[in-house]
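# Fold and contact review
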Amino acid sequence: MSRIPEAFEGGPAFVPYLAVGDPDYESSKQYVEALARGGADVIELGLPFSEPIAEGPTIQGAVVRSLSGGMTPERFFEFVAELDVDVPLVCMTYYNLIYRYGGSEARRASEASGEAASEEADRPRAFVERAKEVGIDGFVVPDLPAEEADPLREACDEFDLDLVFIVAPTTQGERLERIMSQVSGYVYVQARLGVTGARDDVSGQTDESLGRLSQWDVPKAVGFGIKTGEQAERIVRGGADGIIVGSALVDIVAEGAADGEDAEVVADRLEAKARELKTGAMRGAGVETEEEDDGQEVPNPERT
Amino acid sequence: MSDQSTQSSEDGDFEGYGGRYVPEVMEEPLDRLAEAFEGIARTPEFHAEFRDLLEEYAGRPTSITYAGNLSEAYGADIYLKREDLLHGGAHKINNCLGQALLADKAGKERLIAETGAGQHGVATAMVGALFDLDTEIYMGKKDADRQRMNVFRMRLMGAEVNEVTDGGSGLADAVDAALEDFAHNVEDTHYLVGSVVGPDPFPRMVREFQSVIGEEARRQFEARTGGLPDAAVACVGGGSNAIGLFHAFRDDPVAFYGAEGGGEGADSARHAAPLAKGRDEVIHGMRTRVIDEDVEVHSVSAGLDYPGVGPEHAMFRAVGRCEYRGVDDNAALAAFRDLSEQEGIIPALESAHGVALAKDLAAEGEHDSILVNLSGRGDKDVEQVARMFDL
């Protein structure tokens, strides 16, 4: 078992997302570490892909900044290896990059050994193996449907990593069953229809989704559109085991990049936002924390 | 010919190619679209309405033309399936009428589409006007700049044209923008995909609506010659005109050839010929062949300027049912000129790739009669070509 399930044991988990390499390699590292200081329980690290069909303009912007700074799967793995954080890390990326990595690895290997290229079913293995090596705990692959996920699921099982799936408000019946039979770590509950992006309202579709999922034991983390501590509180009160926040954090990175601010300043702002969200989530679970008064301490009782 | 190559996919799986690699939120609308396609589009009523539209609105059937002068010059009998004679000037209208009719019956209020050369965008704008549906077209800025006339046509017919400046500002970026729109607006919007690409059910749905090309051509060719052509040739960008032509001949002893955008040569660093030279990837919701990572997607023709290809073509290549070759820019331009001068028919630059491949096949001497799908007319390309030829 990976470290992810533990992260959900001590109360509602705060799961922030950032695109690795946004706006540049070194700043990005400071930002991820700031999120950990701010109370992140799991961190989703985006490996940018040039055609991110599930993302809204905010995260597309991050993807463009990161790619134009030279981000590649290999650079991503180096980044993860160098990170100084103590929480589980989930790689969020598109299937093309995982699939392609296996192809190029297999090709190199077969050229070296003269053997036939690896079977189709082995394609994701090289990527998963390398991810495990650098300290990744699991994956979210938004464009990989459960129907096509067997090869990646098998590779994750082999290396003891989790495979997170997204459940939409429209996911029901057989497809929901199939997803829930493949998922591990946590299930990513998409709060509403559409693409990612911070919104002012929290959708009522969330409650229905959580209701449908209640028969399964796996932790339910709700994402899409959360940007304030109050929203985090409401969602946890509604039964979520965790909250996932991406665009609201990427917005902070984007503003910092646009204004040419120092990475330290932006990192402080991310840490404060993380603390707000984590505290909100804790409130939702009925845990009041002191740091709301002075805003300094990490609201994470199981760590103190 | 293997058995596998002749099977028509009912679940979007083409021997491991195809599939539906999309965010979970798009699954349900695609399921519903597949159900509507299998339910509504297979009824006799739908067929009758579709046929009427094809005849009365689009101008079917299109003729086949024996290109006598060209045959003499090239050294084999060349027949042209004249999709250039359709309303709008290209085969695209077949698919658009089918999908718009389906969208209308399924209660959608809005159409969106991506377009490369603008032909599909124009055809979508037409059916948007015809069915009184709000229509928004995504077009790469690079393509919009080189196909201004089509941008004006779309706007004249009431469509909103959204010029995409992301990425390389080409067809792939227009597809991304349209998919994003679709993800936002799945409830009321039909994404009118323009080729046999994308997630299931699009490849098999577009094939069905385009297969009228081959069905007609097969009947016409038999009536005219008493037999079938030795070879069928079509250009391949996404590959809908090619699939449309091939489908009716899939179980016949007719050799298939696909002419891809060879750009500066399929071995160069600038081409759009993933079947001639590429690898398996997952892109735009499907598993298919894509050009290599270090290749810049390029073709002289905007409609072929696409890094991937329809999954059924990837399957045809894998099982050996069709031979795909990259036809480079110069060869296509020469054929564009040949057909204009020899027959008084100005082809679309896309279709000129098919003519160029027919010329090579004639020179190789294996096939006596060659049926070329003339998928569109060249009015849209005249300005670009006039500059190149210094006319």
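Residues numbered from 1 in each chain as written. Chains lettered and ligands numbered in written order. Predicted model: local features only at pLDDT ≥ 70, side-chain atom pairs only at ≥ 80, totals over all residues. Heavy atoms only, no water.

## Observations concerning the overall build of chain A
Regarding its fold elements, chain A presents 13 helices and 8 strands. With 304 residues in all, chain A has 61% of them scored as buried. By sequence separation, contacts in chain A at least 24 residues apart represent 72% of the contacts at least 6 residues apart. For chain A, the accessible surface area stands at approximately 11800 Å², while carbon and sulfur atoms represent 44% of it. (Helix = DSSP H or I, 4+ residues; strand = E, 2+ residues; numbered from the N terminus. Buried < 20%, exposed > 50% of the residue type's maximum accessible area, 1.4 Å probe, protein only. Contact = heavy atoms within 4.5 Å. Areas by Shrake-Rupley, 256 points an atom, 1.4 Å probe, with all protein chains shown as cover.)

## Regarding helix α8 (residues 173-182) of chain A
Within α8(A), burial applies to A:R175, A:L176, A:I179, A:M180 and A:Q182. The buried residues of α8(A) occupy one face: seen down the axis, they fall within an arc of 160°. Those residues of α8(A) that are exposed and angled more than 90 degrees off the buried face are A:E174 and A:S181. Residues of α8(A) that are buried make contact with α7 (150-159), β5 (162-167), β6 (187-190) and α9 (205-213) of chain A together with α2 (24-39) of chain B. (Arc of directions from axis to C-beta.)

## Details of the UniProt feature "active site" (unreviewed entry) in chain A
Residues and elements named next belong to chain A. Mapped onto the present numbering, the UniProt feature "active site" (unreviewed entry) falls on E44 and E55. Mapped onto the elements, E44 comes out in strand β2 (residues 43-46). With residues near it in sequence (within four places) discarded, E44 still touches V15, P16, Y17, L18, V90, M92, V140, Y186, Y188 and I244. Here E55 lies in the loop between β2 and α3 (57-68). (UniProt positions renumbered as here; feature names shortened; annotations may be inferred.)

## Concerning the sheet that holds strand β7 (residues 160-164) of chain B
Hydrogen bonds between backbone atoms are what pair the strands of a sheet, whose relative direction is either parallel or antiparallel. Residues and elements named next belong to chain B. Spatially, β7-β6-β5-β8 is the arrangement adopted by the 4 strands of the open sheet, whose pairing is parallel. Only two strands of the sheet have a single neighbouring strand rather than two, namely β7 and β8 (189-191). Mean inter-strand twist for the sheet, computed between neighbouring axes without regard to direction, equals 20°. In terms of strand pairing, strand β5 (residues 110-115) meets strand β6 (residues 134-140) through 6 bridges, oriented parallel. (Pairing = 2+ DSSP bridges. Axes fitted to C-alpha atoms, helices over the stretch in contact; angles between N-to-C directions.)

## Points about the packing of aromatic side chains
For the structure shown, the criterion picks out 21 aromatic pairs over all chains. Measuring from ring centre to ring centre gives 6.1 Å for B:F37 and B:F209, while their planes differ by 80°; the resulting arrangement is edge-to-face. In this pair, B:F37 sits in helix α2 while B:F209 sits in helix α10 (residues 202-210), placing the two residues 172 residues apart along the sequence. Side by side, B:F37 and B:F209 carry an identical accessibility label, which is buried. One aromatic cluster is present, built from ring pairs that chain together A:F76, A:F77, A:Y101, A:F127 and A:F139. When the ring centre of A:Y99 is taken as origin, the NZ or CZ atom of A:R123, which lies over that ring, is 3.8 Å away. The cationic tip of B:R321 hangs over the ring face of B:F256; the distance from NZ or CZ to the ring centre is 3.8 Å. (Phe/Tyr/Trp six-rings, centres within 6.5 Å; stacked < 30°, edge-to-face > 60°. Lys NZ or Arg CZ within 6 Å of the ring centre and 35° of its normal.)

## Observations regarding the interface of chain B and chain A
Listed per partner, the contact involves 27 residues of chain B and 32 residues of chain A. Carbon and sulfur atoms supply 51% of the area that chain B and chain A bury against each other, a total of about 2500 Å² over both sides. At the junction of chain B with chain A, the criterion picks out 4 salt bridges. One salt bridge in this structure joins B:E24 and A:R175, with 3.1 Å as the shortest N-O distance. Run the count over chain B and chain A and you get 11 residue pairs in polar contact (both at pLDDT 80 or more). Classifying every residue of the side of chain B that touches chain A gives 10 nonpolar, 3 polar and 14 charged. (Buried area = accessible area lost by both parts, 1.4 Å probe. Salt bridge = Lys/Arg side-chain N within 4 Å of Asp/Glu carboxyl O. Polar contact = N/O pair within 3.5 Å; in protein donor to acceptor, adjacent residues only side chain to side chain. Nonpolar A, V, L, I, M, F, W, Y, C, P; charged D, E, K, R; others polar.)

## Observations concerning the nonpolar core
The biggest cluster of nonpolar side chains holds 164 residues, and the ones touching the most others in it are A:F76, A:F139, A:M180, A:Y186 and A:I243. Per element, the largest residue contribution to this core is 8 residues, and it comes from helix α9 (residues 171-184) of chain B. Formed by 27 residues, the second largest nonpolar core is a distinct cluster that contains B:V206, B:F221, B:F256 and B:F316. (Core = buried A, V, L, I, M, F, W, Y, C linked by side-chain atoms within 4.5 Å.)

## A short note on empty space enclosed by the protein
All names here are of chain B. What the rule picks out here adds up to 9 cavities of 30 Å³ or more. A volume near 450 Å³ is recorded for the largest cavity. The wall of the largest cavity is formed by 36 residues, among which K92, G194, S195, G238 and G303 lie closest to the centre. Elements with a minimum of two residues in the lining of the largest cavity: β5, α6 (119-130), α9, α12 (240-246) and α15 (349-364). Looking at the lining of the largest cavity element by element, the count peaks at 3 residues for α9. (1 Å grid on protein atoms, 1.4 Å probe; cavity = no way out; pocket = protein on both sides within 12 Å on 5 of 7 lines; lining within 4 Å. Points joined across faces, edges and corners; volume = space filled by probe spheres on them.)

## Looking at the packing of helix α14 (residues 329-343) of chain B against helix α16 (residues 382-389) of chain B
Residue and element names in this part refer to chain B. Where α14 contacts α16, the axes come no closer than 12 Å and their chain directions differ by 105°. One element, α14, and the other, α16, form an angle in the roughly perpendicular class. Packed against α14, whose contacting residues are L333, F336 and R337, the element α16 presents V385, M388 and F389 at the interface. When its residues are assigned to classes, the contact of α14 with α16 shows 5 nonpolar, no polar and 1 charged. (Parallel < 35°, antiparallel > 145°, perpendicular 65-115°, else oblique.)

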